[in-house]
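Residues per chain are reported as follows:
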Amino acid sequence: DVKVTQSSRYLVKRTGEKVFLECVQDMDHENMFWYRQDPGLGLRLIYFSYDVKMKEKGDIPEGYSVSREKKERFSLILESASTNQTSMYLCASVSPGDQPQHFGDGTRLSIL
Amino acid sequence: TQLLEQSPQFLSIQEGENLTVYCNSSSVFSSLQWYRQEPGEGPVLLVTVVTGGEVKKLKRLTFQFGDARKDSSLHITAAQPGDTGLYLCAGAKDNRLAFGKGNQVVVIP
């Protein structure tokens, strides 16, 4: 079974802090994704990566950056956290092609 | 602009009843995936439909892909409380998924 692990289930940070969300997958998947999920807005793609050191902007990249130094790890960075970044963050991985994505259990991030 | 529209957004039914939820789009997708998400967890894949007109069954769940590969429906027969969850449809295109906002289904015992 594919395992996608997100480092924290719950996280509370303060406005202006730099926040790191980590995601690790154990199935050697090339593609990894970061989404945020908000009530009434569904899942929105922030960034994705097709390979190590490669990244592509999704639909809502503003205020975020990512890092993919190793194939199994994809990090989401909030450069200077703001209250409107309070959300559920979901990481997913998949092999190339239209395969189903495998999701982690999410990180519920609160910015105070 | 939301690529995939899911309706109804919220549905509450009694145990044993049937229900159908819909996922519609103006775009054509190479495949369409249905996920279920329970509180505090990530979405989990239920089924992928690829061919226009395709029907897939997963126990009491029946998934249909429209002939033009733009829309899909999910029918649940004799709903159980364990069917409660957020049902998400996602269209695959260019190695990405576009998600709908979901159908929140609550089955009351």
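Report on the accompanying structure.

## Side note on the pattern of salt bridges
Stage number 1. Taken as a whole and assessed by the stated rule, the structure comprises 12 salt bridges over all chains.
Stage number 2. Close ionic contact of Arg36 of chain B with Glu38 of chain B constitutes a salt bridge, the shortest N to O distance being 3.9 Å.
Stage number 3. Connected through salt bridges with shared partners, the residues Asp28, Glu30 and Lys71 of chain A form a single ionic network.

## Some details on the side chain of Thr48 of chain B
Residues and elements named next belong to chain B.
Stage number 1. When you line up the elements, Thr48 lands in strand E5 (residues 44-49).
Stage number 2. What makes Thr48 buried here is its relative accessible area of 16%.
Stage number 3. Beyond its immediate stretch of four places on either side in the chain, Thr48 contacts Ser31, Leu32, Gln33 and Lys56.

## Section: the sheet that holds strand E7 (residues 64-70) of chain A
Residue and element names in this part refer to chain A.
Stage number 1. In spatial order, the strands read E1-E3-E8-E7; together these 4 strands make up an open sheet with antiparallel pairing. The open sheet has two edge strands with one neighbour each: strand E1 (4-6) and E7. Going from strand to strand, the sheet's axes swing by 20° on average, the running direction of each strand aside.
Stage number 2. The pairing of E7 with strand E8 (residues 73-78) spans 5 bridges and is classified as antiparallel. Within E8, the residue paired with Val66 across the bridge is Leu76.

The rules behind each value
- Residues numbered from 1 in each chain as written.
- Chains lettered and ligands numbered in written order.
- Predicted model: local features only at pLDDT ≥ 70, side-chain atom pairs only at ≥ 80, totals over all residues.
- Heavy atoms only, no water.
- Salt bridge = Lys/Arg side-chain N within 4 Å of Asp/Glu carboxyl O.
- Helix = DSSP H or I, 4+ residues; strand = E, 2+ residues; numbered from the N terminus.
- Buried < 20%, exposed > 50% of the residue type's maximum accessible area, 1.4 Å probe, protein only.
- Contact = heavy atoms within 4.5 Å.
- Pairing = 2+ DSSP bridges.
- Axes fitted to C-alpha atoms, helices over the stretch in contact; angles between N-to-C directions.

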